[in-house]
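# Structural characterization, general
Residues per chain, in single letters:
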Amino acid sequence: MGYLLLDVLEYIHENEYVHADIKAANLLLGHRDPSKVYLADYGLSYRYCPDGVHKEYKENPKKGHDGTIEYTSTDAHNGVAPSRRGDLEVLGYCLLHWLCGRLPWDSVLKRPVMVQEAKARLMANLPASVMELSPPGTCTGEVASFLLYVKSLGYKEKPDYQELRAILAEGRPISGRKEGPLDLSRPGEEEEEEEEQRRPPPPQSKPARAKPAAREAPGRGPRPGGRRVGRRGGGAGGSAGSPEETQSSAQSSAQSSAQAEPRGGGEEEAASERSHQKGAG
């Protein structure tokens with residue numbers, strides 16, 4: 001992978017640009033030929049040498065730590081404009097991550113200054129610092145040599161791409177052996193996924209049944225906009241009666257009124273007759 005990416009970077013650099021954000025998420029494999037690799041996403045690309053004049057080295061703290069923090073170059077941490085050596089340093093960190101499955105600064109990625117300090121310690125203690133990260137069965141000697149070469153480069157110096165290819169060629173598969181599909185997963189990740197699949201699924205708790213809402217007895221509620229009616233037609237303090245009781249009470253009141261009217265009429269006629277008799281006498 002590093003060998004193929006060197007070809008891509010050399011082409012970009014020869015056209016006065018640097019990529020500045022090399023990582024697995026920005027790599028595309030050929031559909032028909034998986035051995036071909038394409039570098040995508042040029043959102044952070046920079047023209048480092050417009051019209052053949054290289055940019056000057058100038059630190060700008062306001063632009064520090066630009067890029068993907070895991071692989072940001074030393075120049076980018078210092079706010080310096082990207083250069084060819086910065087692209088190669090980023091590629092070296094990517095190769096180290098893909099081989100070892102981790103980086104020494106993984107636990108402090110939210111603190112860019114601490115990431116910068118960890119990278120400085122790694123570069124200062126080469127090659128031992130890289131060899132210590134090698135998991136069993138993996139050799140990172142070519143990555144250590146690659147980073148040592150990058151460390152020796154000047155800001156404006158043109159890299160020797162052929163020499164870098166020779167360094168990475170030491171880690172290429174033996175001639176005649178068939179190369180499989182590219183795998184950028186960290187070592188041991190497949191075993192962890194298989195173990196996760198073998199685990200029984202956690203028991204699912206049954207949803208609690210909702211209690212049925214209480215229903216109000218018909219005819220027991222207050223009348224809309226009115227007061228509660230007593231069982232015997234009483235005031236607001238009485239208890240409400242059923243519609244049949246209310247209707248029966250109203251009929252009884254109507255009959256009493258009807259019986260009272262004839263009595264009242266007879267008394268008036270008797271009083272009038274007595275008055276006539278007195279007048280006649």
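A short tour of the structure in this document, coming up. Going along each chain's sequence as written, the residues are numbered from 1 onward. pLDDT decides what is reported in this predicted model: residues at 70 or higher carry local features, side-chain atom pairs at 80 or more are listed and counted, and totals for whole chains, interfaces and linings draw on all residues regardless. The side-chain figures draw on all heavy atoms in the structure; neither hydrogens nor water molecules are used.

## What to know about the overall build of the protein chain
Going by this rule: Counting from the N terminus, the helices are DSSP H or I runs at least four residues long and the strands are E runs at least two residues long. The contact definition used throughout considers only heavy atoms, calling two residues in contact when any of these lie within 4.5 Å. For the area figures, the Shrake-Rupley method with a 1.4 Å probe applies, and any residue is considered shielded solely by the protein chains shown.
Helices and strands together make up the secondary structure of the protein chain, namely nine helices and four strands. Ordered by position from N to C terminus, the α and β elements of the protein chain give α-β-β-β-β-α-α-α-α-α-α-α-α. Once local pairs closer than 6 in sequence are excluded, the contacts in the protein chain between residues at least 24 apart make up 57%. For the protein chain, the accessible surface area stands at approximately 19200 Å², while carbon and sulfur atoms represent 51% of it.

## Details of the packing of helix 1 (residues 2-14) against helix 3 (residues 84-100)
To be explicit about the condition: As a rule, the C-alpha atoms of each element are fitted with a line to give its axis, helices using only the stretch in contact, and angles between N-to-C directions run from 0 to 180 degrees. Put simply, angles under 35 degrees are roughly parallel, angles over 145 are roughly antiparallel, angles from 65 to 115 are roughly perpendicular, and the rest are oblique. Should the near helix be turned counterclockwise from the far one by less than a right angle, the crossing is left-handed, whereas a clockwise turn marks it as right-handed. Three categories are distinguished: nonpolar for Ala, Val, Leu, Ile, Met, Phe, Trp, Tyr, Cys and Pro, charged for Asp, Glu, Lys and Arg, and polar for the others, with Gly belonging to the last.
Close contact between helix 1 and helix 3 brings their axes to 11 Å; oriented N to C, the two are set at 165°. Classified by the angle their axes make, helix 1 and helix 3 are roughly antiparallel. Crossing of helix 1 against helix 3: the hand is right-handed. Each of G2, L5, L6, L9 and H13 in helix 1 lies in contact with helix 3, whose residues at this interface are R84, D87, L88, L91, L95 and W98. Class assignment for the residues of the contact of helix 1 with helix 3 results in seven nonpolar, two polar and two charged.

## Remarks on helix 1
So the rule is basically this: Here the expected length of a helix is defined as 1.5 Å per residue gap, with one fewer gap than residues. Each residue's exposure class comes from its accessible area (1.4 Å probe, protein chains only) as a fraction of the maximum for that residue type: buried when under 20%, exposed when over 50%, partly exposed otherwise. Note that the arc is computed from the directions linking the helix axis to the C-beta atoms.
Helix length check: helix 1, at 13 residues, gives a terminal C-alpha distance of 18 Å against a target of 18 Å (1.5 Å per residue), a fit within 8%. G2, L5, L6, V8, L9, I12 and H13 are the residues of helix 1 that are buried. Seen along its axis, helix 1 keeps its buried residues to an arc of 165°; they face one direction. Contacts from the buried residues of helix 1 go to strand 1 (17-18), strand 2 (27-29), strand 3 (37-39), helix 3, helix 6 (141-152) and helix 7 (161-169).

## Notes on the nonpolar core
Quick reminder of the rule: Definition of nonpolar core: a set of buried residues of the types Ala, Val, Leu, Ile, Met, Phe, Trp, Tyr and Cys, connected through side-chain atoms within 4.5 Å.
Residues L6, L88, L96, W105 and F146 are the most contacted members of the largest nonpolar core, which totals 41 residues. Elements that contribute at least two residues to this core include exactly helix 1, strand 3, helix 3, helix 4 (112-124), helix 6 and helix 7. Here this core takes nine residues from helix 3, the largest share from any one element. Apart from the residues lying within four places of it in its own chain, the contact partners of L88 are L6, L9, F146, V150, L153, P159 and L164.

## Remarks on the packing of helix 3 against helix 6
Axes are the key here: two packed helices are described by the angle between their axes and the distance separating the axes. Closest axis-to-axis distance for the helix 3/helix 6 pair is 10 Å, and the angle between their directions is 165°. With respect to helix 6, the axis of helix 3 lies roughly antiparallel. Between helix 3 and helix 6 lies a crossing whose hand is left-handed. Within the contact between the two elements, helix 3 uses R85, L88, E89, L91, G92, L95, L96 and L99 and helix 6 uses E142, V143, F146, L147 and V150. For the contact of helix 3 with helix 6, the per-class residue count stands at nine nonpolar, one polar and three charged.

## A closer look at the side chain of R165
Topologically, R165 is positioned in helix 7. What R165 contacts, discounting residues up to four positions off in sequence, is Y3, L6, D7 and E10.

## Notes on the pattern of salt bridges
What counts here: Each reported salt bridge corresponds to a side-chain nitrogen of Lys or Arg within 4 Å of a carboxyl oxygen of Asp or Glu.
Tallying each qualifying case throughout the model produces eight salt bridges. A salt bridge links R165 to E10; its shortest N-O distance comes to 2.3 Å. Highlighted residues: R165 in helix 7 and E10 in helix 1, separated in sequence by 155 residues. For R165, a relative accessible area of 9% corresponds to the buried category. A salt bridge links R85 to D75; the nearest nitrogen and oxygen atoms lie 2.9 Å apart. Of this pair, R85 sits in helix 3 while D75 is found in helix 2 (residues 74-77), placing the two residues ten residues apart along the sequence. Through salt bridges with shared partners, a single network forms among D7, E10 and R165.

## So, unusual backbone geometry
Put simply, L126 and P127 share a cis peptide bond, and its omega is 0°. Topologically, P127 is positioned in the loop between helix 4 and helix 5 (128-131). With a phi angle near 55°, D51 is a residue other than glycine that sits in the positive phi range. Inspection of the secondary structure assignment puts D51 in the loop between strand 4 (46-47) and helix 2. Positioned with a positive phi, H65 is a non-glycine residue whose angle comes to about 65°. Counting through the fold element by element, H65 comes out in the loop between strand 4 and helix 2. H65 gets classed as partly exposed once you look at its relative accessible area, which sits at 24%.

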